[in-house]
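An overview of the molecular structure
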Amino acid sequence: MTNAWDRLPPQPSPLPPGTPPPAAPAEAVTRVLKRTRQTRDFLPAPVPEDVLADILDVARWTGSAGNRQPWTFVVITDADTRRRLAEAAPYTGHIGVAPVVVAIALEQRSPDVDGYEEGRLTERMQVAATAHGLASGLARLRDEAQLVAKELLGTPDGVVVRSMVSLGYPTEAARAPKSAPGTARKPLADVVRRERFG
């Protein structure tokens, strides 16, 4: 198909002449982005504090509408708290298994804006975790589960916990590929169009 990006000629660098090269080659950065995935099985080994601090700092630098930075990161390592959060909502069992969980306490604004901000934030945390050789999983709390999180974490009115990111080292089973090589995603030519859809 003529719209595949892999047929484009190399593009000149957008950086001004004389600009130092980036700290990491672009291929190294995009490899981390492509390797980031949802994980639900973790080893009990602790996450080093310096690694956790760097992941949280990446999250801190996430952009937000009007630069409001409407979030607080609640780091949870207590096993009982993690277990009770995992029991509060379906499909969140990994929260009770991972050694570290980061709950995103978000100052509410509007559903559209909040969802956009949380998506940017959690994805960046997961990418940063991958860069450090960790695995990560995203959990979403709804309705009654949010009330449980409010009680357990002591969040004030106007602040909601909907998203939580579990962090840790993956088990061997979690490391195993879930798809045959080359089949995990649609070919690029199938999902890229130029100028118009059809």
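Conventions used here
Residues numbered from 1 in each chain as written. Predicted model: local features only at pLDDT ≥ 70, side-chain atom pairs only at ≥ 80, totals over all residues. Heavy atoms only, no water. Pairing = 2+ DSSP bridges. Helix = DSSP H or I, 4+ residues; strand = E, 2+ residues; numbered from the N terminus. Axes fitted to C-alpha atoms, helices over the stretch in contact; angles between N-to-C directions. Contact = heavy atoms within 4.5 Å. Phe/Tyr/Trp six-rings, centres within 6.5 Å; stacked < 30°, edge-to-face > 60°. Lys NZ or Arg CZ within 6 Å of the ring centre and 35° of its normal. pLDDT = per-residue confidence, 0-100. Core = buried A, V, L, I, M, F, W, Y, C linked by side-chain atoms within 4.5 Å. Buried < 20%, exposed > 50% of the residue type's maximum accessible area, 1.4 Å probe, protein only.

**A word on the sheet that holds strand S2 (residues 100–107)**
On the basis of which strands lie adjacent, the open sheet formed by four strands has the order S1-S2-S4-S3 and antiparallel pairing. Whereas interior strands pair on both sides, the edge strands pair on one side only; in this sheet they are strand S1 (71–76) and strand S3 (135–140). Averaged over all neighbouring strand pairs, the angle between strand axes comes to 25°, with direction disregarded. Bridge count for S1 against S2 is six bridges, and the pairing is antiparallel. Along S2, the bridge assignment pairs Ile76 with Val101. Where helix H6 (residues 144–153) meets the sheet, its contacts fall on S1, S2 and strand S4 (159–168), and the angle it forms with S4 comes to roughly 80°.

**A look at the packing of aromatic side chains**
Going through the model one piece at a time under the given rule, you end up with zero aromatic pairs. Residue placement shows Arg193 over the ring face of Phe197; its charged tip is 5.7 Å from the ring centre.

**Quick word on the confidence of the model for the chain**
For the chain, per-residue confidence averages 91 on the pLDDT scale, and residues scoring 70 or more make up 91% of the total. Of the regions scoring below 50 in pLDDT, residues 1–5 engages in 13 contacts with residues more than four places distant in sequence or in other chains.

**What to know about the nonpolar core**
Formed by 18 residues in total, the largest nonpolar core has its most connected members in Leu52, Ile55, Val102, Met125 and Leu167. Those elements that place two or more of their residues in this core are helix H2 (49–60), S2, helix H5 (111–131) and S4. Broken down by element, this core gets its largest block of residues, five residues, from H2. Once residues lying within four places of it in the same chain are set aside, the contact partners of Leu52 are Val47, Val75, Val100, Val102 and Leu167. Leu85, Leu141, Ala145 and Val161 belong to the second-largest nonpolar core, a separate cluster that totals 16 residues.

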